[in-house]
Amino acid sequence: MDIKSKNINTIISPELKTNFKNFPMVPRVIFGAGCFGQLGEILLPKRVNSEAPFIFLVDDVFEGTDLISRIPLIFNDQIIFISADEEPKTDQVDALVHKIKNDYDHLPSGIIGIGGGTLLDLSKAVAIMLTNKGNAYQYQGWDLVKKPSIYHVGIPTISGTGAEVSRTTVLLGPEKKLGINSDYTTFDQVLMDPDLTKGVPKEQWFYTGMDCFIHCIESLNGTYLNAFSQSYGEKALELCKEVYLEDLQMDEARNKLMMASWHGGMSIAYSQVGVAHAMSYGLSYLLGVRHGIGNCLVFQHLKEFYPEGVELFNKMKEKHNIQLPKGICSELTNDDFEIMTNVALGLVPLWENAIGKEWRTIITPEKLKSIYQKI
Ligand code: NAD
Ligand code: ZN
């Protein structure tokens, strides 16, 4: 019998089948203050031909700045400025794909995302949807992408989300906020130049950095924890503590936070996030509260789940004189709370990681409502 006609189970006996994730990592990374200057030489060998452009999706906060003049444009390359005021949406991805296909006869050589988690996620999704049929919302979920995406590069300009390293792109769709989780989502190249984060406003620096801190706490205190996740999570947590509790030089702090984001992302790649993220998705879905601040708004009330983490969070918040907004949920109706609670409760793996298989005995709609009411 040739090997093709054998049933796979006769080759791998069921007892030997395991369920470990075989997840892709970013194959190429460049790191260092000023490394943005090498982007041109990195892209050159990836150019398919002179008709196949590179498309740069850039946070519009950089419009008119020096960074734009440093983007190595040649032939018919194009810069598209995009606002990060709102989190990325599936129909925004579809519109971008439509525009790019309309503007050129050929597929681009690649998509380069320059910005925070919003721009990085949009770039990953556009790279996927240029080669896959249909609409982006059809791919929200796990491993639904059929064809490899085009070459795509992530260039973070703010540190914390770990979107530069993850195999997901979180999108708000018509029915749900959910990522396109696939092996084709991960960037082919990441360029980490800490100098690009120089202009980040202080509050945003705190909120996005706390996303990383919360990734660490949720991963390190979760039931899914394993040596792989722990090794990255502990390093990221140590870096967050240095950045937010010590008095580092500015450039050292920028370097360290960029690496914290990377390690935090690696940590959750092989475990999961937890209570703050599940509940923050509810806030984001109903009220459009953005990811970083949403996590902070929830996390401050999670002492019962993460006592040490919340204590550290409060110290960091005080040191940097951050005032979180209050009364976000004070005017909400019972229906509103139900919507948020349903979104949060739907994120089963997050609860399983946070509490364990029996999480439903502890986490009830009333419990979540009582936490939301404090926000
Ligand atoms: P962001 O991209 O939403 O940007 C936040 C703000 O900072 C924006 O106003 C932006 O213009 C500004 N900004 C960014 N860089 C700047 C700079 N250098 N100077 C001045 N202003 C700058 O921020 P974020 O917190 O990085 O991303 C949040 C998004 O990331 C959410 O959509 C969230 O769902 C997503 N996310 C994705 C993953 C993933 O694994 N894919 C993980 C966590 C979060
Ligand atoms: Zn997060």
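Nothing here was measured: the structure is a model prediction, and the numbers come from that model. Note on numbering: residues in each chain are counted from 1, in written sequence order. Each chain is given a letter, starting from A, and each ligand a number, starting from 1, according to the order in which they appear as written. Restriction of local features to residues with pLDDT of at least 70 applies here, the model being predicted, together with a cutoff of 80 or more for giving and counting side-chain atom pairs; totals for whole chains, interfaces and linings are based on all residues. The side-chain values count all of the structure's non-hydrogen atoms but skip hydrogen atoms and water molecules.

(A) Representation of the coordination of the zinc ion (ligand 2) within the structure. Water is not among the atoms examined, so metal sites may look incomplete; donors are the N, O and S atoms within 2.8 Å of the metal, or within 3.2 Å for Na, K and Ca. Taken together, D211 (OD), H215 (NE2), H277 (NE2) and H291 (NE2) make up the protein donors of the zinc ion (ligand 2), found 2.1 to 2.2 Å from the metal. In short, tetrahedral needs four donors with all angles between 85 and 135 degrees, square planar needs four and octahedral six donors with opposite donors over 155 degrees apart and all other angles between 65 and 115, and whatever is left is irregular. Each of the four donor atoms around the zinc ion (ligand 2) contributes to a set of angles spanning 87 to 167 degrees, which defines the coordination as irregular. When the donors of the zinc ion (ligand 2) are listed by position in the chain, the intervening gaps give D-x3-H-x61-H-x13-H. In this pair, H277 is assigned in helix α9 (residues 275–287) and H291 in helix α10 (residues 291–299), connecting sequence segments 14 residues apart. Working definition: helices are DSSP H or I runs of at least four residues, strands are E runs of at least two. Numbering for both runs from the N terminus.

(B) Layout of the domain arrangement of the protein. All domain edges in this entry derive from an automatic or database-based domain assignment. The domain architecture assigned to the protein consists of domain 1 (28–197) and domain 2 (202–372). Look at where the C-alpha atoms of domain 1 and domain 2 centre, and you get two points 25 Å apart. We call two residues in contact whenever any of their non-hydrogen atoms come within 4.5 Å of each other. Taken together, the contacts link 27 residues of domain 1 with 20 residues of domain 2. By definition, the buried area sums, over both parts, the 1.4 Å-probe accessible area that each loses when the two are put together. When domain 1 packs against domain 2, close to 2,100 Å² is buried across both sides, 64% of that on carbon and sulfur atoms.

(C) A look at the packing of helix α12 (residues 334–345) against helix α14 (residues 365–374). Contact geometry of α12 with α14 gives a least axis separation of 10 Å together with a crossing angle of 115 degrees. Between α12 and α14, the angle falls in the class roughly perpendicular. The handedness of the crossing between α12 and α14 comes out as right-handed. Where α12 approaches α14, its residues N334, F337, M340, T341, A344 and L345 are matched on the opposing element by P365, L368, K369, Y372 and Q373. Axis definition: a line fitted to C-alpha atoms, limited for helices to the stretch in contact. Angles are taken between N-to-C directions and run from 0 to 180 degrees. Throughout this description, any angle smaller than 35 degrees is read as roughly parallel, any larger than 145 degrees as roughly antiparallel, any in the 65 to 115 degree range as roughly perpendicular, and the remainder as oblique. For a crossing to be left-handed, the near helix must be turned anticlockwise from the far one by less than a right angle; the clockwise case is right-handed.

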